[in-house]
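One letter stands for each residue in the lines below.
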Amino acid sequence: MTLEQLRLFVAVAEREHMTRAAAALHRTQSAVSAAIAGLEAQSGVTLFHRIGRRIVLTDEGRSFLAEARAVVAQADAAERALADLAGMKRGSLSVMASQTIASYWLPPKLVAFRAAHPQVAVKALAGNTAEVAAAVAQGRVEIGLVEGEVNDPLLEQTLVGHDRLVIVAAKDHPWAEKPPRPADLLKARWVLREQGSGTRSAFEAAIAEKGLDAAKLNVTLELPSNEAVRLAVREGAGVSALSELVAEAGIRFGALAPVKFPLPQRAFHALRHRERYLSKSGAAFLDMIRVR
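Below is a summary of the structure that appears in this document. Everything numeric here is computed off the predicted structure, so don't read it as measured data.

1. Comments concerning the pairing of strand S3 (residues 92-98)
The side chains of a regular strand alternate between both faces of the sheet.
Then comes step 1: Counted residue by residue, S3 has 6 buried out of 7 residues, so it is predominantly covered.
Then comes step 2: Pairing of S3 with strand S4 (residues 121-127) involves 7 bridges; the strand directions are parallel. Of the residues in S4, the one forming a bridge with Leu93 is Val122.
Then comes step 3: A crossover links S3 with its parallel partner S4, the connecting element being helix H5 (residues 99-116), and its sense is right-handed.
Then comes step 4: Examined bridge by bridge, S3 and strand S5 (residues 143-146) share 3 bridges and lie parallel to one another. When the bridges of S5 are listed, Ala97 appears paired with Leu145.

Here is the structure:
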């Protein structure tokens, strides 16, 4: 069993797709298939079900995934430590951010970091807040960036920014002209992000502070991205709560109407594992983005 086989196994397991895993790691599909077949042959364990063109982890594969991730994460930490000996003349930075941050807040930060450290290779991924926290906890990325609440004592949190949620509706929605009362929120049709999203969690916490039970919201659509939510609201599927960063363009061009119902500011935090090695690249990036 080699580290390369483990890296390829983890990539395939996370995507459940040979071609996507091959593209992500810049390998040929045949090389990935051969590596997985070799791993299964060496161990005598079937790691994936082959169902038509799809592959799905077996129970044994799921059990092995946690161990494989731990080994790969440790190897990545060792590589970062060696790169640090070169004084950031080379090295890497892996970042995963929740969708609002990844799409609207993070890109200029990464551009500035690359300008300051052009020899450092930067890899950025996106997911919801729960997925980002899990990736940092498992060592799959060095730095996570989230707007949701994360309650994990192993994750150190650093304040890096703020934004505010705003309720939005289609431009012809009654709330565009007449702001709702708190009780009206439970009567409306809502289009919201999925559970585990920081935007969803922040909105539910905000209305709970106003004495409303989020479980009683009439959620007619649950969608996996801010863009999907924004388009559904524009087409009249219901109202939603989005970051001002996400809603700004739609409001400015008249596709969405802001609803006069104030919601509190929320914080953006960077996450890092307290017990894992923090590379010089990671430390430099955190220092650049932290709120002072």
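2. Describing the pattern of salt bridges
Note that side chains of opposite charge can pair when their charged atoms are close.
Then comes step 1: Taken as a whole, this structure holds 19 salt bridges when the rule is applied.
Then comes step 2: A salt bridge links Arg50 to Glu40; the shortest N-O distance between them is 3.0 Å. Of this pair, Arg50 sits in strand S1 (residues 48-51) while Glu40 is found in helix H3 (residues 29-43), placing the two residues 10 residues apart along the sequence.
Then comes step 3: Judged by its relative accessible area of 44%, Arg50 falls in the partly exposed class.
Then comes step 4: Glu40 sits in the buried class, given a relative accessible area of 13%.
Then comes step 5: As a salt-bridge pair, Asp287 and Arg292 come within 2.9 Å of each other at their nearest N and O atoms.
Then comes step 6: On the basis of relative accessible area, Asp287 is assigned to the partly exposed category, the value being 41%.
Then comes step 7: The exposed category is assigned to Arg292, whose relative accessible area is 68%.
Then comes step 8: In this structure, a network of salt bridges that share partners links the residues Glu14, Arg69 and Arg140.

3. So, the nonpolar core
Then comes step 1: Formed by 21 residues in total, the largest nonpolar core has its most connected members in Phe9, Val12, Val32, Ile36 and Phe48.
Then comes step 2: Residues contacting Ile36, with those up to four places away along its chain left out, are Leu8, Phe9, Val12, Met18, Phe48 and Arg50.
Then comes step 3: Counting 19 residues, the second largest nonpolar core, distinct from the first, contains Ile207, Ala241, Val259 and Phe261.

4. Description of the packing of helix H1 (residues 3-15) against H3
Then comes step 1: One can describe the packing of H1 onto H3 by two numbers: an axis separation of 9 Å at closest approach and a directional angle of 105°. Relative to H3, the element H1 lies roughly perpendicular. In contact with Gln5, Leu8, Phe9 and Val12 of H1, H3 contributes Ala31, Val32, Ala35, Ile36, Gly38, Leu39 and Gln42.
Then comes step 2: Each residue belonging to the contact of H1 with H3 can be placed in one class, and the counts come to 8 nonpolar, 3 polar and no charged.

5. A few points about the packing of aromatic side chains
Then comes step 1: Under the definition given, this model contains 6 aromatic pairs.
Then comes step 2: Centre to centre, the rings of Phe9 and Phe48 are 5.6 Å apart; their planes meet at 55°, and the pair counts as tilted. Here the residue Phe9 occupies a position in helix H1, and Phe48 occupies one in strand S1, the gap between them amounting to 39 residues.
Then comes step 3: Taking 5.9 Å as the distance between ring centres and 80° as the angle between the ring planes, the aromatic pair formed by Trp105 and Phe268 counts as edge-to-face. Of this pair, Trp105 sits in helix H5 while Phe268 sits in strand S11 (residues 265-273); the two residues are 163 residues apart in sequence, bridging distant segments of the chain.

6. Describing unusual backbone geometry
Then comes step 1: Here the phi dihedral of Glu16 falls at roughly 50°; this positive angle occurs in a residue that is not glycine.
Then comes step 2: Counting through the fold element by element, Glu16 comes out in the loop between H1 and helix H2 (18-24).

7. Notes on the pairing of strand S7 (residues 189-193)
Then comes step 1: The element S7 is extensively covered by neighbouring structure, given that 4 of its 5 residues are classed as buried.
Then comes step 2: The pairing of S7 with strand S8 (residues 218-223) spans 5 bridges and is parallel. For Trp190, the partnering residue across the bridge sits in S8 and is Val219.
Then comes step 3: In this fold, S7 hands off to helix H7 (residues 198-208), which returns the chain to S8; that crossover is right-handed.

Quick notes on the rules
Residues numbered from 1 in each chain as written. Predicted model: local features only at pLDDT ≥ 70, side-chain atom pairs only at ≥ 80, totals over all residues. Heavy atoms only, no water. Buried < 20%, exposed > 50% of the residue type's maximum accessible area, 1.4 Å probe, protein only. Helix = DSSP H or I, 4+ residues; strand = E, 2+ residues; numbered from the N terminus. Pairing = 2+ DSSP bridges. Right-handed = clockwise from strand over helix to strand, strands pointing away. Salt bridge = Lys/Arg side-chain N within 4 Å of Asp/Glu carboxyl O. Core = buried A, V, L, I, M, F, W, Y, C linked by side-chain atoms within 4.5 Å. Contact = heavy atoms within 4.5 Å. Axes fitted to C-alpha atoms, helices over the stretch in contact; angles between N-to-C directions. Parallel < 35°, antiparallel > 145°, perpendicular 65-115°, else oblique. Nonpolar A, V, L, I, M, F, W, Y, C, P; charged D, E, K, R; others polar. Phe/Tyr/Trp six-rings, centres within 6.5 Å; stacked < 30°, edge-to-face > 60°.

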